[in-house]
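# Coordinate inspection notes
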2 protein chains.
Amino acid sequence: MKLTILGCYSATPRAFTHPTAQLLEIKNHFFLIDCGEGTQVQLRKHKLKFSRINHIFISHLHGDHFFGLPGLISTFRLLGREKGLHVYGPKGIKESITLLLKLGDSWTNYPLIFHELSSNTAEMILENDKVSVTTIPLDHRVYANGFLFREKPNERTLNVAATTKHGIDKSQFSNIKKGKDIILEDGNTIPNEDLTLDPPPPKSYAFCSDTAYNERLVPQISEVDVLYHEATFLESEAHLCKKTKHSTAKQAAQIAKKAKVGQLILGHYSTRYKSIEPFGEEAEHIFKNVELADDGKCFEF
Amino acid sequence: MKLTILGCYSATPRAFTHPTAQLLEIKNHFFLIDCGEGTQVQLRKHKLKFSRINHIFISHLHGDHFFGLPGLISTFRLLGREKGLHVYGPKGIKESITLLLKLGDSWTNYPLIFHELSSNTAEMILENDKVSVTTIPLDHRVYANGFLFREKPNERTLNVAATTKHGIDKSQFSNIKKGKDIILEDGNTIPNEDLTLDPPPPKSYAFCSDTAYNERLVPQISEVDVLYHEATFLESEAHLCKKTKHSTAKQAAQIAKKAKVGQLILGHYSTRYKSIEPFGEEAEHIFKNVELADDGKCFEF
């Protein structure tokens, strides 16, 4: 998986800080997560081939997470897109986008398929041979979901040394890759697992923004490889969490620790702070493997 | 008047070209004209105190002219705005903005006053002691208006030399500025016009974007000081004007010439062109005083 942070600051976009948007690449499939104002420009700046995005996931309908969506949808039309675009987001997203396109008399010439979400329990919203995507109900001022991306198990890879040892001809390699056992000329059968290597374990990524600290999240994101958890505030502003339904860096780390995730990425910083380094420092008291999201930063895992 | 071009390229926003938005300053009043995606960031980049914007004029509901409006309205809320904001635009603008704010449960805590436009004839939509604003019905694929800004006549200014000549005390200056005649101690009356100078003539600015070439515009913008007229295409793409209801640089110049305006500013360039210089060259064959808008450029007149 490759994750590119297009924007990871809360509230208002500014000259050098962008509202939430992330591009997740899984086996050549592009998934866009949230789409704050200016996301399409961020995609261009980072030279990401955004025509490859077929699925967009919107966590909630606050502007800093979706006001870039109407523009991106319109740009796809102007670029001559023909293939369908799937948009997953809270109930109301279809009505609002449809109204904007109607007012501009600029309906898309490609299929625009909305998947409106309203469940308060986790639901699988996308599954194909590469990946499954499940909602993570969050605890925010408005209806909000995170998203859990799980790779499907990878195929076993050819053990070339083993095929040589057994004198197996290359013409059998495609059968081995398909999982078949091989019958040798002497009649012996070599089981597939003796001719292949364990595949790399499937990866998982959980996106949780925006949300108050809520341990209800823990079971669902247990042991994911990477967790992005919002950290709007530092401890000095912890008193603002209750009203705004946001988290501190420390709270994000507590969730990461309880869920025993591999790595924690922090983001959604309030723009009141001059530096984001203290977010990492406060989180690392609780959980060791912390990374700070920043606009344009890439993570590969 | 001071005009700052925040964006003047058509269709999709890109890393270094921005969709339509302009800030017009008239006697310390800020008027925002159109609001493409990213306008609030452009306002910040150019260090314009956008809290001073009290009136926003939206020409039409294509995304490149108004998809930045929901974000700007939300940002005003986050910045603690209290004074009212007037938004002028085509019918439907209220419904769309209201829906977006409702979905995000983030209604403004300041008065948001919509003035929806649907007339196909010019109408005065704002008048105060500084300025009047009148719609200019345009000829586009969707309902669209330009806007004509006319300063109110300026007050006459004090002629200090004349007051000295007549031995008038400074305590009378405020009366003179108010337009009063002055009675001297010897009983003679000095008429106000002998004690004041003619004010600078009131300026006018016409914004016309987006529109096909249409001579219907000419009488209304006759002899304005400055005309901004869209020029989406060069002559080589003139065949695209009919279907898209846009203009070429040459057509914009023809309108400027027929209306005998003082200066023509071109903009709304199609992003297909690598350079905007040819727009100026093609227009100057028809009309001499041509300027090219560009993002961040200022015009004072």
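This text follows the structure it describes.
Reference entry: report on the structure contained in this document. Note that residues are indexed from 1 along each chain, following the sequence as it is written. Chain letters start at A and ligand numbers start at 1, both assigned in the order the entries are written. Given that the model is predicted, a residue must reach a pLDDT of at least 70 before its local features are reported, and side-chain atom pairs must reach 80 or more before they are shown or counted; all residues, however, enter totals for whole chains, interfaces and linings.

### With respect to the interface of chain A and chain B
- In this complex, chain A contributes 32 residues to the contact, which on the side of chain B involves 32 residues.
- Here a strand is any run of E in DSSP of at least two residues, a helix any run of H or I of at least four, and the numbering for each starts at the N terminus. Mapped onto the side of chain A that touches chain B, the elements with two or more residues apiece are helix 1 (39–45), helix 3 (69–78) and helix 4 (93–103) of chain A. We call two residues in contact when the distance between their C-beta atoms, placed using the backbone, is within 7 Å.

### Notes on the sheet that holds strand 17 (residues 290–292) of chain B
All names here are of chain B.
- The pairing criterion is simple: DSSP has to find at least two bridges between the two strands. Read from one edge of the open sheet, 7 strands run 7-8-9-14-15-16-17, paired in mixed fashion. The sheet is open, and its two borders are formed by strand 7 (124–127) and strand 17, each paired with just one other strand. Neighbour-to-neighbour, the strand axes of this sheet turn through a mean angle of 20 degrees, independent of strand direction.
- Relative to strand 9 (residues 145–151), strand 8 (residues 131–137) runs antiparallel, the two being bridged by 7 bridges. Residue Pro-137 lies in a different strand from strand 9, and its bridge partner there is Asn-145.
- Orientation is described by lines fitted to C-alpha atoms, with helices fitted over the stretch in contact, and by angles between N-to-C directions that extend from 0 to 180 degrees. Helix 11 (residues 277–284) rests against strand 16 (263–267) and strand 17 of the sheet, and its axis sits at about 170 degrees to strand 17.

### Topic: helix 11 of chain B
Residue and element names in this part refer to chain B.
- All buried positions along helix 11 are accounted for by Phe-279, Glu-282 and Ala-283. Considered in projection along helix 11, the buried side chains sweep an arc of 100 degrees and stay on one side of the axis. Exposed and oriented more than 90 degrees from the buried face of helix 11 are Glu-277 and Glu-281.
- Buried residues in helix 11 make contact with helix 10 (249–258), strand 16 and strand 17. Each residue is classed by its C-beta neighbour count within 10 Å, where at least 20 other C-beta atoms makes it buried, 12 or fewer makes it exposed, and intermediate counts make it partly exposed; the C-beta atoms are placed from backbone geometry. Taking the helix axis as origin, the arc is that swept by the directions to the C-beta atoms.

### Remarks on the nonpolar core
- Formed by 140 residues in total, the largest nonpolar core has its most connected members in Leu-227 and Leu-264 of chain A together with Leu-227 and Leu-264 of chain B.
- Aside from chain neighbours lying at most four places away, what touches Leu-264 of chain A is Leu-227, His-229, Ala-252, Ala-253, Ala-256, Ala-283, Phe-287, Asn-289 and Val-290 of chain A. For our purposes the nonpolar core covers buried Ala, Val, Leu, Ile, Met, Phe, Trp, Tyr and Cys residues that link as a set through C-beta atoms within 7 Å.

### Some points on unusual backbone geometry
Residue and element names in this part refer to chain A.
- For the bond running from Ser-209 to Asp-210, omega is 0 degrees, close enough to zero to count as cis.
- Along the polypeptide, Asp-210 turns up in the loop between strand 14 (204–208) and strand 15 (226–230).
- The phi dihedral of Asp-34 is positive, around 65 degrees, even though this residue is not glycine.
- Within the fold, Asp-34 resides in strand 3 (residues 29–35).
- Non-glycine residue Glu-223 carries a positive phi angle of around 60 degrees.
- Along the chain, the position of Glu-223 falls in the loop between strand 14 and strand 15.

### As for the pairing of strand 2 (residues 21–26) of chain B
All names here are of chain B.
- Of all 6 residues in strand 2, 5 are buried, a share of seventy percent or more.
- Where strand 1 (residues 2–7) meets strand 2, 5 bridges bridge the pair, whose relative direction is antiparallel. Across the sheet, Lys-2 pairs through a bridge with Glu-25, a residue of strand 2.
- Relative to strand 3 (residues 29–35), strand 2 runs antiparallel, the two being bridged by 6 bridges. The residue bridging Glu-25 from the neighbouring strand is Phe-30, located in strand 3.

### Points about the sheet that holds strand 4 (residues 53–57) of chain B
All names here are of chain B.
- Spatially, the 7 strands line up as an open sheet ordered 6-5-4-3-2-1-18, and their pairing is mixed. Edge positions in the sheet fall to strand 6 (112–117) and strand 18 (298–300), since each has one partner strand and no second. Recorded for the sheet is a direction-independent mean angle of 20 degrees between the axes of neighbouring strands.
- Together, strand 5 (85–90) and strand 6 form the strand contacts of helix 4 (residues 93–103), whose direction differs from that of strand 6 by roughly 145 degrees.

### Observations regarding the environment of Pro-111 of chain A
- Among the secondary structure elements, Pro-111 of chain A is positioned in the loop between helix 4 and strand 6 (112–117).
- Taking the C-alpha atoms as reference, Pro-111 of chain A lies 32 Å from Thr-17 of chain A; in sequence the two are 94 residues apart.

### What to know about the pairing of strand 6 of chain A
- The pairing of strand 5 (residues 85–90) of chain A with strand 6 of chain A spans 6 bridges and is parallel. By the bridge assignment for strand 6 of chain A, Pro-90 of chain A is matched with Leu-117 of chain A.

Read these as layout, nothing more, since geometry by itself doesn't imply function.
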